[in-house]
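Overview (structure and organization)
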Amino acid sequence: QVQLVQSGGGSVQAGGSLRVSCVASGRTFSTHVMGWFRQAPGKEREFVAAIWWRSDDSGYYADSVKGRFTVSRDNVKNTVYLQMNSLKPEDTAVYYCAAGNLYAASMYIASRSDLYAYWGQGTQVTVSS
């Protein structure tokens, strides 16, 4: 089993920055990819970014956040981060980290929420105008 515990987030004015963290524990060796998703009230869950634990490939990003968000990892701490800069009100959502054993490094695969086996508890991010 894998447990994902999130922290960070919060509230900020438009143009500001926030960071969310996700610590993985348990059978983390069985996971290969960490994804970030978000869900606003009444909206579908939306892919944000993804990164593989042991690949030197750069992260994958949704077009809506590309150039503003950065996903990174710390393999020693089993932690992934989502640094969010130049935040916009439309970024307001609950952000979830997710873990899966996906091998294919492609946007199509990484963006499919149904392919992730484990999920964090969610972290609120609120951006005011």
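Report on the accompanying structure. Fair warning: this is a prediction, and the values are worked out from it, not measured in the lab.

What counts, and where the lines are drawn
- All chains use their own residue numbering, which begins from 1 and follows the written sequence.
- pLDDT decides what is reported in this predicted model: residues at 70 or higher carry local features, side-chain atom pairs at 80 or more are listed and counted, and totals for whole chains, interfaces and linings draw on all residues regardless.
- The basis for every side-chain value is the complete set of non-hydrogen atoms in the structure, without hydrogens or water.
- Under the scheme used here, helices are H or I runs from DSSP no shorter than 4 residues and strands are E runs no shorter than 2 residues, and both carry numbers assigned from the N terminus.
- Working definition: with a 1.4 Å probe on protein chains only, accessible area under 20% of the residue-type maximum means buried, over 50% means exposed, and in between means partly exposed.
- Here a polar contact is taken to be a pair of N or O atoms separated by no more than 3.5 Å, where protein atoms must pair a possible hydrogen donor with a possible acceptor and residues adjacent in sequence count only if both atoms sit in side chains.
- A contact between two residues is defined here by any heavy atoms of the two lying within 4.5 Å.
- Any two strands are treated as partners once DSSP identifies two or more bridges connecting them.
- Lines are fitted to the C-alpha atoms to define the axes, a helix being fitted only along its stretch in contact, and any angle between axes, read from their N-to-C directions, falls within 0 to 180 degrees.

1. Looking at the side chain of Thr-31
- Take Thr-31: it is sitting in the loop between strand E3 (18–26) and strand E4 (33–39).
- Here Thr-31 falls in the buried class, since its relative accessible area comes to 2%.
- One polar contact links the side chain of Thr-31 to the main-chain carbonyl oxygen of Thr-28, over a distance of 2.8 Å.
- Not counting the four nearest positions on each side in its chain, Thr-31 is found in contact with Val-2, Trp-53, Arg-54, Ala-99, Gly-100 and Tyr-118.

2. Focus: the side chain of Arg-68
- If you trace the backbone, Arg-68 turns up in the loop between strand E6 (60–61) and strand E7 (69–74).
- A distance of 2.7 Å separates the side chain of Arg-68 from the side chain of Asp-91, its partner in a polar contact.

3. Concerning the sheet that holds strand E8 (residues 79–84)
- As summarised here, the arrangement of the 4 strands in space is E1-E3-E8-E7, forming an open sheet in which the pairing is antiparallel. Of all strands in the sheet, those bounded by a partner on one side alone are strand E1 (2–8) and E7. Across the sheet, the axes of successive neighbouring strands diverge by a mean angle of 20°, strand direction being ignored.
- Of the strand pairs in this sheet, E7 and E8 are connected by 6 bridges, and their pairing is antiparallel. Paired with Thr-70 across the bridge in E8 is Gln-83.

4. Some details on the environment of Met-34
- With respect to the secondary-structure elements, Met-34 resides in strand E4.
- Between the C-alpha atom of Met-34 and that of Ser-64, which follows or precedes it by 30 residues, the distance is 19 Å.
- If we skip the residues at most four places from it in the chain, Met-34 touches Leu-4, Cys-22, Ala-49, Ala-50, Ile-51, Trp-53, Val-80, Ala-98, Ala-99 and Tyr-116.

5. Notes on the pairing of strand E9 (residues 93–100)
- For E9, the tally of buried residues reaches 7 of 8 residues, placing the bulk of the element in the interior.
- Bridging between E4 and E9 involves 7 bridges; their strand directions are antiparallel. By the bridge assignment, Phe-37 is partnered in E9 with Tyr-96.
- Summarising the sheet, E9 and strand E10 (residues 118–119) pair through 2 bridges and their orientation is antiparallel. Bridge assignment links Ala-98 to a residue of E10, and that residue is Trp-119.

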